[in-house]
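# Fold and geometry: a report
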Amino acid sequence: MPKAQANGIEIHYEEHGDPAADPMLLIMGFGAQLTLWPDELVEALAGHGFRVIRYDNRDIGLSEKFDGVKAPGILKMTLLTKLGFTPKVPYTLADMADDGVGLLDALEIDRAHIVGASMGGMIAQHVAARYSQRCKSLTSIFSTTGNPKLPAAKPEALKALVTRPRSMEEEALVDHGVMLARTIGSPGYPSDEERLRNRARASVQRSIYPEGPTRHLSAIVADGDRREMLKDVCVPTLVMHGEDDPLVPVEGGRDTAAAIPGAKLKTIPGWGHDLPLELVDEVAEAIASHARATA
């Protein structure tokens, strides 16, 4: 897999489609490797005529790890945030946005369509707000604004996200991955058991690094409410969200669209916090149509 020096760290990435086509940068979410973007969706976007780039965020997958750097406890961070203080964390979502822009620099790409999912959507929001000159368009998928008044995740979804596997043996890790995917996945589009297990196993065999998500979570908590920042986004924006997302409720998507001037909102019934095969064509068409309209 190709790697690049971006923002002073090593980032691993993949490219799909015509190298001369319009570039599209995919940013994945909390604790997730680039492979969580389904190959079918990547291929569909490339088929729509884009140079599709997906990468491992820092501290996950095959990108650079921040070994030995401790994040503060979530309870302490939450309390400090509620008191109006900004917790000191190993790195911020703004730093992670700098990674994405650094990758564009390394690939000699001046401007790209930016697509982010979940935490990746938060990172993409930072890219659009702080580097508008580098963004042709923004698509924020099942993400949110950090507004503390929005509905919280369903308890079972949050528990699944933060629960550690029962052991670090491969089968236990695969079981854990399947459990998480089932819990936060789309109730209207349940995934085939074999596909879930195969994807979980491929992820485990590619990379296991449980420390990374802890630091990712600290970056999310420390980022706080982004609504003021989002008011200044001048990039054409599409917000996509599942109406049955148990992890980031659909109100997060609605709030994102309301905060960004001129943003368009597309919600889909039965869609949860995943990218099911049944929705690949619809999601790819929406992203591609939005990107083409900004050309």
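Everything here concerns the structure above.
The following refers to the structure shown. (Residues numbered from 1 in each chain as written. Predicted model: local features only at pLDDT ≥ 70, side-chain atom pairs only at ≥ 80, totals over all residues. Heavy atoms only, no water.)

## A short note on the environment of Glu 228
Here Glu 228 lies in helix H9 (residues 227-230). C-alpha separation for the pair Glu 228 and Pro 23, spaced 205 residues apart in sequence, amounts to 28 Å. (Helix = DSSP H or I, 4+ residues; strand = E, 2+ residues; numbered from the N terminus.)

## Describing the pattern of salt bridges
Taken as a whole and judged by the stated rule, the model has 22 salt bridges. In this structure, Glu 285 engages Arg 292 in a salt bridge whose closest nitrogen and oxygen atoms are separated by 3.6 Å. Judged by its relative accessible area of 36%, Glu 285 falls in the partly exposed class. A network of salt bridges, in which partner residues are shared, links Arg 166, Glu 170, Glu 171, Asp 175, Arg 197 and Arg 201. (Salt bridge = Lys/Arg side-chain N within 4 Å of Asp/Glu carboxyl O. Buried < 20%, exposed > 50% of the residue type's maximum accessible area, 1.4 Å probe, protein only.)

## Here's the deal with the packing of helix H3 (residues 93-106) against helix H4 (residues 119-130)
It is at 8 Å that the axes of H3 and H4 come closest, and there the two elements cross at 75°. Between H3 and H4, the interaxial angle falls into the category roughly perpendicular. On H4, the residues that touch Leu 93, Ala 94, Met 96, Ala 97, Asp 98 and Val 101 of H3 are Met 119, Met 122, Ile 123, His 126, Val 127 and Arg 130. Residues that form the contact of H3 with H4 fall into these classes: nine nonpolar, one polar and two charged. (Axes fitted to C-alpha atoms, helices over the stretch in contact; angles between N-to-C directions. Parallel < 35°, antiparallel > 145°, perpendicular 65-115°, else oblique. Contact = heavy atoms within 4.5 Å. Nonpolar A, V, L, I, M, F, W, Y, C, P; charged D, E, K, R; others polar.)

## Thoughts on the pairing of strand E7 (residues 237-242)
With six of its six residues buried, E7 lies for the most part within the structure. The side-chain alternation of E7 yields two buried faces, one formed by Thr 237, Val 239 and His 241 and the other by Leu 238, Met 240 and Gly 242. Sheet topology note: the strand E6 (residues 135-141)/E7 ladder contains four bridges and is parallel. Note that in E7 the partner of Thr 139 across the bridge is Leu 238. Relative to strand E8 (residues 264-268), E7 runs parallel, the two being bridged by five bridges. Within E8, the position partnered with Gly 242 by the bridge is Ile 268. The handedness of the E7 to E8 crossover, carried by helix H10 (residues 250-259), is right-handed. (Pairing = 2+ DSSP bridges. Right-handed = clockwise from strand over helix to strand, strands pointing away.)

## Observations concerning the environment of Met 240
Locating Met 240 in the fold gives a position in strand E7. We classify Met 240 as buried; its relative accessible area is 0%. Each C-alpha atom, one on Met 240 and one on Arg 254, is 9.0 Å from the other, the two residues being 14 residues apart in sequence.

## Things to note about empty space enclosed by the protein
Per the stated rule, a full pass over the model turns up one cavity of 30 Å³ or more. Taken as a whole, the largest cavity encloses approximately 30 Å³ of empty space. Taken together, Pro 38, Leu 41, Leu 275, Pro 276, Leu 279, Val 280 and Val 283 form the lining of the largest cavity. Residue composition of the lining of the largest cavity, by class: seven nonpolar, no polar and no charged. (1 Å grid on protein atoms, 1.4 Å probe; cavity = no way out; pocket = protein on both sides within 12 Å on 5 of 7 lines; lining within 4 Å. Points joined across faces, edges and corners; volume = space filled by probe spheres on them.)

## Remarks on the nonpolar core
With 41 residues, the main nonpolar core has Leu 25, Leu 93, Leu 103 and Ile 114 as its most contacted residues. Leave out the neighbours within four places in its chain, and Leu 103 touches Ala 4, Ala 6, Ile 11, Tyr 13, Leu 25, Ile 53 and Tyr 55. Leu 26, Leu 45, Ala 284 and Ile 287 belong to the second largest nonpolar core, which has 28 residues in total. (Core = buried A, V, L, I, M, F, W, Y, C linked by side-chain atoms within 4.5 Å.)

## Some remarks on the side chain of His 290
Counting through the fold element by element, His 290 comes out in helix H11 (residues 280-293). Since its relative accessible area comes to 3%, His 290 is described here as buried. Apart from residues lying up to four places away in sequence, His 290 is in contact with Ser 137, Leu 138, Thr 139, Pro 236, Thr 237, Leu 238 and Lys 264.

## Here's the deal with the packing of helix H6 (residues 170-184) against helix H7 (residues 193-206)
Where H6 contacts H7, the two axes come as close as 9 Å, and the packing angle between them is 125°. Considering the angle they form, H6 stands oblique to H7. In this structure, the crossing between H6 and H7 has a hand that is right-handed. In contact with Glu 170, Glu 171, Leu 173, Val 174, Asp 175, Gly 177, Val 178, Ala 181 and Arg 182 of H6, H7 contributes Glu 193, Leu 196, Arg 197, Ala 200, Arg 201, Val 204 and Gln 205. For the contact of H6 with H7, the residue count by class is seven nonpolar, two polar and seven charged. (Left-handed = near helix turned anticlockwise from the far one by under 90°.)

## Things to note about the packing of aromatic side chains
Within the structure shown, the criterion is met by two aromatic pairs. A ring pair is formed by Phe 142 and Trp 271, whose centres lie 5.8 Å apart and whose planes are at 70°; its orientation type is edge-to-face. Here Phe 142 is found in the loop between E6 and helix H5 (155-162), whereas its partner Trp 271 is found in the loop between E8 and H11, with 129 residues between them in sequence. We classify Phe 142 as buried; its relative accessible area is 4%. (Phe/Tyr/Trp six-rings, centres within 6.5 Å; stacked < 30°, edge-to-face > 60°.)

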